[in-house]
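One letter stands for each residue in the lines below.
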Amino acid sequence: MTEADGKDGPPAVLVDPIDMSKLDPKFGAVIKSMPNGDELTACFACSTCTAACPIANVWQYKPHQLIRMIILGMCEEVLSSDEIWLCLTCFQCQERCPQKVRVTDIFFDCKNLAAEEGKIPENIVGLAKTLMEKGQLYEVTADWEREDMDLEPAVPGLSTDEFRAIIKDTRSGKIVGGKE
Ligand code: SF4
Ligand code: SF4
């Protein structure tokens, strides 16, 4: 998108033309067929979701635009977008949608589809690997630091073995672990 200076108000946002030949008409149908997609096509582009979103102002594609892009079949743009991963999953958009479009959950579905295609941001892959290896996202105290502080090698009473055993057999575990 590009911006043009407006003399009598905020700059007008000029939307780049959509290349119709690159649309994937099946994409919207795929999302609609998923458990969260029932009301997808009920969206009437009111932008309430975007108004409610606490971080939409820094997104290139706003929530209402992403929903419209899904309906139009802009598969490549949506699944390659940073926004689906930047979503805070605060559900503000979904709770306020007058058409009951499950905006947040649809973004989850988009993340799953993107992951299936290997389109996962590096930092997310790093977090997932840490989760698989350590059983938790953040180390309570790093190994070297524990030694320096004369602490036991592991946090007493903290066991992540069962969790790690479960996650390695999940779809996420297989994708991130390179077994799929
Ligand atoms: S609030 Fe709902 S109906 Fe309005 S633009 Fe967002 S998804 Fe569409
Ligand atoms: S769930 Fe995501 S898209 Fe919806 S309001 Fe929160 S940050 Fe924005």
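About the thresholds
Residues numbered from 1 in each chain as written. Chains lettered and ligands numbered in written order. Predicted model: local features only at pLDDT ≥ 70, side-chain atom pairs only at ≥ 80, totals over all residues. Helix = DSSP H or I, 4+ residues; strand = E, 2+ residues; numbered from the N terminus. Rg over C-alpha atoms; globule rule 2.2 N^0.38 Å. Buried ≥ 20, exposed ≤ 12 C-beta atoms within 10 Å, placed from the backbone. Contact = placed C-beta atoms within 7 Å. Expected span 1.5 Å × (residues − 1). Near = placed C-beta within 6 Å. Nonpolar A, V, L, I, M, F, W, Y, C, P; charged D, E, K, R; others polar. Domains from an automatic or database assignment. Core = buried A, V, L, I, M, F, W, Y, C linked by C-beta atoms within 7 Å.

Peer 1: Would you mind going over the overall build of the protein chain with me for this structure?
Peer 2: The number of helices and strands found in the protein chain is eleven helices and two strands. If you list the helices and strands of the protein chain from N to C, you get β-β-α-α-α-α-α-α-α-α-α-α-α. The C-alpha atoms of the protein chain give a radius of gyration of 21 Å, which is well past the 16 Å a tight globule of 180 residues would have. The dimensions of the protein chain, computed from C-alpha atoms along their principal axes, are 65 × 40 × 30 Å. Going through the 180 residues of the protein chain one by one, you find that 21% of them count as buried.

Peer 1: Honestly, the environment of Cys 53 in this entry has me stumped. Any pointers?
Peer 2: As for its position among the elements, Cys 53 is in the loop between helix H2 (48-52) and helix H3 (63-72). Cys 53 gets classed as buried once you count the C-beta atoms within 10 Å, which come to 23. Setting aside chain neighbours within four positions, we find Cys 53 in contact with Pro 63, Gln 92 and Cys 93.

Peer 1: Explanation requested: helix H8 (residues 122-134) in the structure shown.
Peer 2: Residues spaced three or four apart along an α-helix face the same direction, because each turn holds 3.6 residues. If you check H8, its first and last C-alpha atoms are 18 Å apart, about what 13 residues at 1.5 Å a residue would give, namely 18 Å. Of the residues one or two after H8, Gly 135 is the one with positive phi, at around 80°.

Peer 1: What exactly am I supposed to notice about the site of ligand 2 here?
Peer 2: Taken together, 14 residues form the shell around ligand 2, and within it Cys 53, Cys 87, Leu 88, Cys 90 and Cys 93 come nearest. For the shell around ligand 2, the elements supplying multiple residues, two or more each, are helix H6 (92-96) and helix H7 (103-116). Looking at side-chain class alone, the shell around ligand 2 contains eleven nonpolar, three polar and no charged residues.

Peer 1: Got a minute to help me understand the site of ligand 1 in this structure?
Peer 2: In the vicinity of ligand 1, 14 residues are found, and the nearest of them are Cys 43, Cys 46, Cys 49, His 64 and Cys 97. Of the residues that constitute the shell around ligand 1, the class distribution is ten nonpolar, four polar and no charged.

Peer 1: What should I look at first to understand the domain arrangement of the protein chain in this one?
Peer 2: Accessible area lost on assembly of the parts is the figure often given for the size of an interface. The domains assigned to the protein chain are domain 1 (19-116) and domain 2 (122-176). Computed from C-alpha atoms alone, the centre-to-centre distance between domain 1 and domain 2 is 32 Å.

Peer 1: Could you clarify how one ought to interpret the nonpolar core in this entry?
Peer 2: The biggest cluster of nonpolar side chains holds 24 residues, and the ones touching the most others in it are Ile 70, Val 78, Val 103 and Ile 106. Among the secondary structure elements, those contributing two or more residues to this core are helix H1 (25-33), H3, helix H4 (75-79) and H7. Aside from chain neighbours lying at most four places away, what touches Ile 70 is Phe 27, Gly 28, Ile 31, Leu 40, Val 78 and Ile 106.

Peer 1: It is not clear to me how unusual backbone geometry should be interpreted in this structure. Could you clarify?
Peer 2: Keep in mind that most residues, glycine aside, have a negative phi and that most peptide bonds are trans. Within the chain, Thr 89 stands out as a residue other than glycine whose phi angle is a positive 50°. Looking at the element boundaries, Thr 89 is found in the loop between helix H5 (83-86) and H6.

Peer 1: How should I be thinking about the environment of Ser 47 in this particular structure?
Peer 2: Looking at the secondary structure, you find Ser 47 in the loop between H1 and H2. A C-alpha to C-alpha distance of 20 Å links Ser 47 and Ile 31, two positions 16 residues apart in sequence.

Peer 1: Please clarify how H7 should be interpreted in this entry.
Peer 2: Given a rise of 1.5 Å per residue, 14 residues ought to cover 20 Å, and the 20 Å separating the end C-alpha atoms of H7 matches this to within 8%. When H7 is considered as a whole, its buried residues turn out to be Val 103, Thr 104, Ile 106, Phe 107, Cys 110 and Ala 115. A positive backbone phi angle near 80° is found at Gly 118, which sits one or two residues after H7.

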